[in-house]
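Overview (structure and organization)
Now for the letters of each chain:
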Amino acid sequence: MAFLPSESKRYPARKEMASLQDISISAANNSLSAFEFRLMIGFSSRNAFTLPERELIDHAGLDSVVYIPIYLLGLKIIVSLAVLAFLVLLPVNWVGYTLERSEDLTFSDIDKLLISNVPEG
């Protein structure tokens, strides 16, 4: 198709991949933003977890009484899986050697944390 620009003009190739330091800076920025959000808005929702059930129904309705235990259960599951991932899965992926043995593959430090770095078997 002659009317479409070439691929190289539409999507220029990236010159380098994000380094582990770049990703760490982004994560720190996101954490700081989340903390700032919690300071400005989040402390007002703390009362919903400490109110007696009857007062919560009167104030926010029955939906909130049903929603809060479901929310807390999901939070417990996510936190426990995150701890498992950081303590077990990340070190296993980091010490893998599959990416380093590939001859025609370009990878960065962050790629060592992916499942593709774990050998088969």
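A brief look at the structure comes next. Nothing here was measured: the structure is a model prediction, and the numbers come from that model. (Residues numbered from 1 in each chain as written. Predicted model: local features only at pLDDT ≥ 70, side-chain atom pairs only at ≥ 80, totals over all residues. Heavy atoms only, no water.)

**What about the overall build of the protein chain?**
Tallying secondary structure elements over the protein chain gives six helices and zero strands in all. Secondary structure of the protein chain in N-to-C order comes out as α-α-α-α-α-α. For the protein chain, the proportion of its 121 residues judged to be buried stands at 10%. Across the protein chain, the fraction of contacts at a sequence separation of at least 24, relative to all contacts at a separation of at least 6, is 27%. A total of about 10,400 Å² of accessible surface is found on the protein chain, and carbon and sulfur atoms cover 64% of it. (Helix = DSSP H or I, 4+ residues; strand = E, 2+ residues; numbered from the N terminus. Buried < 20%, exposed > 50% of the residue type's maximum accessible area, 1.4 Å probe, protein only. Contact = heavy atoms within 4.5 Å. Areas by Shrake-Rupley, 256 points an atom, 1.4 Å probe, with all protein chains shown as cover.)

**Thoughts on the packing of helix α4 (residues 53-60) against helix α5 (residues 62-94)**
Where α4 meets α5, the closest approach of the two axes is 6 Å, and the angle between their N-to-C directions is 125°. In this view, α4 runs oblique relative to α5, as classed from their interaxial angle. Within the contact between the two elements, α4 uses Glu53, Leu56, Ile57 and Ala60 and α5 uses Leu62, Ser64, Val65 and Ile68. Each residue belonging to the contact of α4 with α5 can be placed in one class, and the counts come to six nonpolar, one polar and one charged. (Axes fitted to C-alpha atoms, helices over the stretch in contact; angles between N-to-C directions. Parallel < 35°, antiparallel > 145°, perpendicular 65-115°, else oblique. Nonpolar A, V, L, I, M, F, W, Y, C, P; charged D, E, K, R; others polar.)

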